[in-house]
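Okay, here's what each chain looks like letter by letter:
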Amino acid sequence: MSGPDQGWDEGNPERLYVITGGRSGPSQQGAVDLVTLIVARSGPRPGGQPEHSAILRLCSSPLSVAEISAYLDLPVSVVTVLLTDLLTEKRVEARAPIPAAKLPDVALIEAVMHGLQQL
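Everything numeric in this text was worked out from a predicted model, so none of it was measured.

J.: Quick question: what am I supposed to make of helix H4 (residues 76-88) here?
T.: Given 3.6 residues per helical turn, the α-helix brings residues three or four places apart onto the same face. A rise of 1.5 Å per residue sets the reference length of H4, with its 13 residues, at 18 Å; its end C-alpha atoms lie 18 Å apart and thus fit the reference within 8%. Here H4 has its buried residues at Val78, Val79, Thr80, Val81, Leu82, Leu83, Thr84, Asp85 and Leu86. At the C-terminal side of H4, Lys90 shows a positive phi close to 60°.

In structure tokens:
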């Protein structure tokens, strides 16, 4: 596996072709998107594909697909193919991102403020 400052030579299309086994996209549409959180369910196995091992090491705590792509210096399309492989093998888990907290209704806040002012 390359170090963080060595990169994966993203400018080499043959390398990316080999990494993905010639696939250009995930086998399941909508399986993951940029903000899907990925967490490893197992560690890397000996003799596994180096990119798979790198993802499993990175995802000991949840990371988004975009973060994985940035850390590995690989295009998102390549990362989604690799993640689809790992999801199929049940070696990672995909989670929906944590939704932003919903703010209470403005009318409710105004009513509470009005009630407090009346005290």
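J.: I'm lost on the pairing of strand E1 (residues 37-40) in this one. Help?
T.: Put simply, side chains in a regular strand alternate between the two faces of the sheet. For E1 and strand E2 (residues 63-64), the ladder comprises two bridges, and the chain directions are antiparallel. Residue pairing in the sheet places Leu37 in a bridge with Ser64 of E2. Pairing geometry for E1 and strand E3 (residues 92-95), over four bridges, is antiparallel. Opposite Val39, over in E3, you have Glu93 as the bridge partner.

J.: Sorry, what's going on with the pattern of salt bridges here?
T.: Between side chains of opposite charge, pairing is possible as soon as their charged atoms come close. Under the defined criterion, the tally for this structure stands at three salt bridges. With a closest N to O distance of 3.7 Å, Arg91 and Glu89 form a salt bridge. Of the residues examined, Arg91 reaches a relative accessible area of 9% and is grouped as buried. Given a relative accessible area of 36%, Glu89 falls into the partly exposed group. One network of salt bridges, with partners in common, ties together Arg45, Glu89 and Arg91.

J.: How should the packing of helix H2 (residues 50-58) against helix H3 (residues 65-72) be read in this particular structure?
T.: Two numbers describe a pair of packed helices, the interaxial angle and the distance between the axes. Two elements in contact, H2 and H3, have axes whose closest approach is 11 Å; the angle formed by their N-to-C orientations is 120°. For the element pair H2 / H3, the angle class is oblique. The hand of the H2/H3 crossing is right-handed. Contact residues: Ala54, Ile55 and Leu58 in H2; Ile68, Tyr71 and Leu72 in H3.

J.: Would you mind going over H3 with me for this structure?
T.: Those residues of H3 not exposed but buried are Val65, Ile68, Ser69 and Leu72. For H3, the arc enclosing every buried residue in end-on projection is 100°, short of the 170-degree limit, so these residues lie on one face. In H3, the exposed residues that point more than 90 degrees away from the buried face are Ala70 and Tyr71. Of the residues trailing H3, Asp73 is marked for its positive phi of about 55°.

J.: Whenever I open this one, the packing of H3 against H4 confuses me. Can you help?
T.: H4 packs onto H3 with a crossing angle of 110° between their chain directions and a minimal axis gap of 9 Å. Considering their axes alone, H3 and H4 lie roughly perpendicular with respect to each other. Crossing handedness for the pair H3 and H4: right-handed. Facing Val65, Ile68 and Ser69 of H3, the residues of H4 in contact are Val76, Val79, Thr80 and Leu83. When grouped by side-chain class, the residues that make up the contact of H3 with H4 number five nonpolar, two polar and no charged.

Rules used throughout
Residues numbered from 1 in each chain as written. Predicted model: local features only at pLDDT ≥ 70, side-chain atom pairs only at ≥ 80, totals over all residues. Heavy atoms only, no water. Helix = DSSP H or I, 4+ residues; strand = E, 2+ residues; numbered from the N terminus. Expected span 1.5 Å × (residues − 1). Buried < 20%, exposed > 50% of the residue type's maximum accessible area, 1.4 Å probe, protein only. Pairing = 2+ DSSP bridges. Salt bridge = Lys/Arg side-chain N within 4 Å of Asp/Glu carboxyl O. Axes fitted to C-alpha atoms, helices over the stretch in contact; angles between N-to-C directions. Parallel < 35°, antiparallel > 145°, perpendicular 65-115°, else oblique. Left-handed = near helix turned anticlockwise from the far one by under 90°. Contact = heavy atoms within 4.5 Å. Arc of directions from axis to C-beta. Nonpolar A, V, L, I, M, F, W, Y, C, P; charged D, E, K, R; others polar.

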